Amino acid sequence: MGWWFPFRERATSPNFDVRPAGQPPTLLVVHAISLPPDQFGGPHVEQLFTNTLDPLGHPYFASIHHLRVSAHFFIRRDGALLQFVSTEMRAWHAGVSSWKGRERCNDFSIGIELEGCDTQPFEAGQYARLAALIQVLRERYPIEAVVGHSDIAPGRKTDPGPYFEWDRLAGLLEVEAGRLPGDFDKAQENQ
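Okay, so let's go over this structure. (Residues numbered from 1 in each chain as written. Predicted model: local features only at pLDDT ≥ 70, side-chain atom pairs only at ≥ 80, totals over all residues. Heavy atoms only, no water.)

### A word on empty space enclosed by the protein
Moving on, step 1. Inspection of the entire model under this criterion finds one cavity of 30 Å³ or more.
Moving on, step 2. Estimates place the volume of the largest cavity at around 30 Å³.
Moving on, step 3. Residue lining of the largest cavity: S34, L35, Q39, G41, G42, H44, V45, F74 and E115, and that is the complete set.
Moving on, step 4. Residue composition of the lining of the largest cavity, by class: three nonpolar, five polar and one charged. (1 Å grid on protein atoms, 1.4 Å probe; cavity = no way out; pocket = protein on both sides within 12 Å on 5 of 7 lines; lining within 4 Å. Points joined across faces, edges and corners; volume = space filled by probe spheres on them. Nonpolar A, V, L, I, M, F, W, Y, C, P; charged D, E, K, R; others polar.)

See the structure below:
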């Protein structure tokens, strides 16, 4: 059901529901996640988003295995793309959030998780895949802004973190499209 990015790995998450009627996605939210924290590789993010994370697999997992969260997309360190939720549906990625006065960002956003953390740089392949994905999504939906999780939940979330290079992503998008997406500049006015 809904739209799935063609030719990519897919692992369907049960953690989604229907968007409000007549509400296409207009916001892209960039996140960062690593499980266990600050460690990369392995199936743990996929397991979290599909409700199969073993609480005994790592001490940290005991505190999060009960969460019912997901994102539409996950970009691994090597740039591999995995989709969990159709972009037509509402993934549970933003939590308590607000953008330009609109509450409940899950209603009108697409969540893109990068395998990463606040303490290490992201990989070149992740930026390239993210830029390509953004271009495809902008062609399909009326995307108005690309923001970080920290922009829609300031004080509560820090991702994608200080190592995420917004200028680098903007440069890749210029190359891809010959222009920046509307309102791309990591909008500071959401404070």
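### Notes on the pairing of strand β3 (residues 27-33)
Moving on, step 1. Summarising burial for β3: seven of the seven residues are buried, a large majority.
Moving on, step 2. Residues L27, V29, H31 and I33 point to one face of β3 and L28, V30 and A32 to the other, with burial holding for every one of them.
Moving on, step 3. As paired strands, β3 and strand β9 (residues 109-115) are joined by seven bridges and run parallel to one another. By the bridge assignment, H31 is partnered in β9 with E113.
Moving on, step 4. Here four bridges tie β3 to strand β10 (residues 145-148), and the two strands are oriented parallel to one another. The residue of β10 that forms the bridge with L28 is V146. (Buried < 20%, exposed > 50% of the residue type's maximum accessible area, 1.4 Å probe, protein only. Helix = DSSP H or I, 4+ residues; strand = E, 2+ residues; numbered from the N terminus. Pairing = 2+ DSSP bridges.)

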